[in-house]
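# Results of the structural survey
The residues making up each chain are set out below.
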Amino acid sequence: MPAAAQSRSAWHGGQAGVEATATALTRPAVLAFYQARGFSAQAISPYADSCVFSFELRNTTQKTVRLRLADWRAQTAAGTLRFRLPPSWEAEWARRGVAEPARIAFRWAQFQADIEFAPGDWIMGMAALERRPDGAFRLNIPLSLDRRRHEITLDALACAQ
Amino acid sequence: MERRRALVRLAGLGCLLAAGPLAAQGGGMTPVAGTPAAPPLALPDIDDKPVDLAAHRGRLVLVNFWATWCPPCRREFPSLSRLQKLFKPSELAVLAVNVGEDAETIFSFAGASDVTILLDRDSAAMRRWPVKGLPSTFVVDKQGRLALRAVGGREFDDAAIVAQLRGLLRV
């Protein structure tokens, strides 16, 4: 991986008036955030150990934008990866006996799975890939704007070290 | 050890605050199609007194869903108070519904706020509303209907939003 890609932690792109920013989150940062919400380090470790990003999407158009986290694809050298969806994490926390207040905080700190946002709306949230990829990857974010399909592409993303 | 834990937590929150540019929180709110009746909202406030949205019929109510760990929620929170000061109590009430947190956590951020803070500890109330993420904000009109909504942070004393609210008062 080029040194520039290794040191970089934030990426920005846009398409058709929808802007996206992705920031790779380190394991200590993820641990600290969720422990402060009531998770034990052990309980949140599957999430903290994965490749976690904070995303911000902003609708600068005059139309409604629709997108689904399930449609996002990370194109790696070894193949395509998806994001693990919030319901899957919720099931994990139920299995691990995580207390409800922590689960509520986790639920709403995630990038929501199915989003429709109006002009001027913007959304932040975290999401983790289903597996941690080796090396950099391209992220494709499909979206629907005025019944037309568009795609935001963010190149050379990398998990935080 | 407690100080170290606190510093670690702050560092974690700080990283997440820096995660992504928190661009200007401007713009108005979006009209709600069909102006459906607002869902019920009856919760205790931070002093454990019951507050019911239904009792506010006849004036506008801005309902803001938030949490202390949510960076845009924290950023817009002072603007709720500034907005409230621009209207008479008979015209507008502001209800800031905190999701999932306890009074101590809320107070450590909000202090003795002049905004009415409601506690939705189990998020059951919020689940009845069309919340897309935090922060989500709705304006309930004088007839108890959802008139405006916004997803993501705003400066609620922005001229565009104030004008929208004054327009609703004239209806």
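The structure this text deals with has already been given above.
This section reports on the structure supplied with the text. (Residues numbered from 1 in each chain as written. Chains lettered and ligands numbered in written order. Predicted model: local features only at pLDDT ≥ 70, side-chain atom pairs only at ≥ 80, totals over all residues.)

## Description of the overall build of chain A
Helix and strand counts for chain A stand at five helices and 11 strands. Relative to a compact globule of 161 residues, whose C-alpha radius of gyration would be 15 Å, chain A shows 16 Å and is just as compact. Overall, the C-alpha framework of chain A stretches about 45 × 35 × 25 Å when taken along its three principal axes. In chain A, buried positions account for 42% of the 161 residues. When contacts within chain A are restricted to residue pairs at least 6 apart in sequence, those whose partners lie at least 24 apart make up 71%. (Helix = DSSP H or I, 4+ residues; strand = E, 2+ residues; numbered from the N terminus. Rg over C-alpha atoms; globule rule 2.2 N^0.38 Å. Buried ≥ 20, exposed ≤ 12 C-beta atoms within 10 Å, placed from the backbone. Contact = placed C-beta atoms within 7 Å.)

## Some remarks on the pairing of strand 5 (residues 92-99) of chain B
Residues and elements named next belong to chain B. The buried count for strand 5 comes to eight of eight residues, which makes it a mostly enclosed element. Taken together, the seven bridges between strand 4 (residues 60-66) and strand 5 define a ladder with parallel strand orientation. The residue of strand 5 that forms the bridge with valine 61 is alanine 93. Note that the unit made of strand 4, helix 2 (residues 71-85) and strand 5 has a crossover that is right-handed. (Pairing = 2+ DSSP bridges. Right-handed = clockwise from strand over helix to strand, strands pointing away.)

## Overview of the packing of helix 2 (residues 27-36) of chain A against helix 3 (residues 41-48) of chain A
All names here are of chain A. Orientation of helix 2 relative to helix 3, taken along the N-to-C sense of each, is 135°, at an axis distance of 10 Å. With respect to helix 3, the element helix 2 is oriented oblique. Crossing of helix 2 over helix 3 shows right-handed handedness. Facing helix 2, whose interface residues are Arg27, Val30, Leu31, Tyr34 and Gln35, helix 3 presents Ala41, Ile44, Tyr47 and Ala48. (Axes fitted to C-alpha atoms, helices over the stretch in contact; angles between N-to-C directions. Parallel < 35°, antiparallel > 145°, perpendicular 65-115°, else oblique. Left-handed = near helix turned anticlockwise from the far one by under 90°.)

## Points about the interface of chain B and chain A
Counting from both sides, the interface comprises 27 residues of chain B and, opposite them, 30 residues of chain A. Of all the secondary structure elements, the ones that give two or more residues to the side of chain B that touches chain A are helix 1 (2-17) and strand 8 (146-151) of chain B. Looking at the side of chain B that touches chain A, the element that brings in the most residues is helix 1 of chain B, giving seven residues. For the side of chain B that touches chain A, the per-class residue count stands at 15 nonpolar, nine polar and three charged. (Nonpolar A, V, L, I, M, F, W, Y, C, P; charged D, E, K, R; others polar.)

## With respect to the sheet that holds strand 3 (residues 52-59) of chain A
Strand-to-strand pairing in sheets goes through backbone hydrogen bonds, with the strands running parallel or antiparallel. Residue and element names in this part refer to chain A. As summarised here, the arrangement of the five strands in space is 1-2-3-9-7, forming an open sheet in which the pairing is antiparallel. Edge positions in the sheet fall to strand 1 (10-15) and strand 7 (83-84), since each of these pairs with one other strand and no more. In this sheet, strand 9 (residues 122-129) lies alongside strand 7 in antiparallel orientation, the contact comprising two bridges. Counted as the bridge partner of phenylalanine 83 is leucine 129 from strand 9.

## Focus on helix 2 of chain B
Along its length, helix 2 of chain B reaches its greatest deviation from straightness, about 30°, at Phe77(B), and the proline Pro78(B) lies no more than four positions downstream. If you check which residues of helix 2 of chain B are buried, you get Pro71(B), Pro72(B), Cys73(B), Glu76(B), Phe77(B), Leu80(B) and Leu83(B). (Bend = angle between axes of the 7 residues up to and from the residue.)

## Quick look at unusual backbone geometry
Residue and element names in this part refer to chain B. Across the junction of leucine 134 and proline 135, the peptide omega takes the value -5°, indicating a cis bond. Take proline 135: it is sitting in the loop between strand 6 (116-120) and strand 7 (136-140). Even without being glycine, threonine 35 reaches a positive phi, approximately 35°. Looking at the secondary structure, you find threonine 35 in the loop between strand 1 (30-31) and strand 2 (42-44). Residue classification places threonine 35 among the partly exposed positions, given that 15 C-beta atoms sit within 10 Å. Residue aspartate 48 is not a glycine yet carries a positive backbone phi of 70°. Following the sequence through the fold, aspartate 48 ends up in the loop between strand 2 and strand 3 (50-52).

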